[in-house]
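Observations on the model geometry
Listed below, chain by chain, are the residues.
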Amino acid sequence: RPAATSPLFEKRSDKLFTERLDRIMEENIANQEFDINTLAKALGISRGQLYNKVKSLHGMSPVEYLRDMRLAKAESLLKGSRISVKEARCMAGMPDATYFNRRFKEKYGISPSEYR
């Protein structure tokens, strides 16, 4: 689950959508081929609908939301186990080391290797 604070849902359908969204993303988090097109298809909605819904509920695009979830997964793996940064990065579905390190440092303020 992304580190951003959970929004207060005005509608039960929004809460259910977010639970389903998060579940699908968590099930596919290690799959580096999993992208927004695949996510939209799994949810049975268009990319545009997905973008509008996620943006309105979470204040970020679906790409940002998925990246945030991947970073949170890597962070929890680094914190909760003795696996390497490379293993955590791959288990979070982020194969590009440079991109991962840059985004991790943006989010947590330190590099993944320093975080360990």
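This one's a predicted model, so the numbers in the text were calculated from it and none came from an experiment.

Let us now look at helix H6 (residues 97–108). An α-helix turns once every 3.6 residues. As a result, residues three or four positions apart point the same way. Taking 1.5 Å per residue as the helical rise, H6 with its 12 residues ought to reach 16 Å, and the 16 Å between its terminal C-alpha atoms agrees with that figure. Two to three positions downstream of the cap, the backbone nitrogen of Thr98 sits 3.0 Å from a side-chain oxygen, assigning the N-cap of H6 to Asp96. Gly109, located one to two residues past H6, shows a positive phi value of around 85°.

Turning to the environment of Ser113, a few remarks are in order. Its location among the elements puts Ser113 in helix H7 (residues 112–115). Each C-alpha atom of the pair Ser113 and Ala88 lies 11 Å from the other, and the pair is 25 residues apart in sequence. One polar contact links Ser113 to Ser111, side chain to side chain, over a distance of 3.3 Å.

To continue, consider the pattern of salt bridges. For the coordinates displayed, the defined rule picks out six salt bridges. Close ionic contact of Lys53 with Asp14 constitutes a salt bridge, the shortest N to O distance being 2.7 Å. Highlighted residues: Lys53 in helix H3 (residues 47–58) and Asp14 in helix H1 (residues 12–27), separated in sequence by 39 residues. Lys53 sits in the partly exposed class, given a relative accessible area of 26%.

Quick look at the nonpolar core now. Of all hydrophobic cores here, the largest spans 17 residues; its most connected members are Phe17, Leu21, Met25, Leu39, Leu43 and Leu50. For this core, the secondary-structure elements that each account for two or more residues are H1, helix H2 (36–43), H3 and helix H4 (62–80). The residues touching Leu39, leaving out its near neighbours within four places in the chain, are Leu21, Ile24, Met25, Phe34 and Leu50.

Cut-off values and rules
- Residues numbered from 1 in each chain as written.
- Predicted model: local features only at pLDDT ≥ 70, side-chain atom pairs only at ≥ 80, totals over all residues.
- Heavy atoms only, no water.
- Helix = DSSP H or I, 4+ residues; strand = E, 2+ residues; numbered from the N terminus.
- Expected span 1.5 Å × (residues − 1).
- Polar contact = N/O pair within 3.5 Å; in protein donor to acceptor, adjacent residues only side chain to side chain.
- Salt bridge = Lys/Arg side-chain N within 4 Å of Asp/Glu carboxyl O.
- Buried < 20%, exposed > 50% of the residue type's maximum accessible area, 1.4 Å probe, protein only.
- Core = buried A, V, L, I, M, F, W, Y, C linked by side-chain atoms within 4.5 Å.
- Contact = heavy atoms within 4.5 Å.

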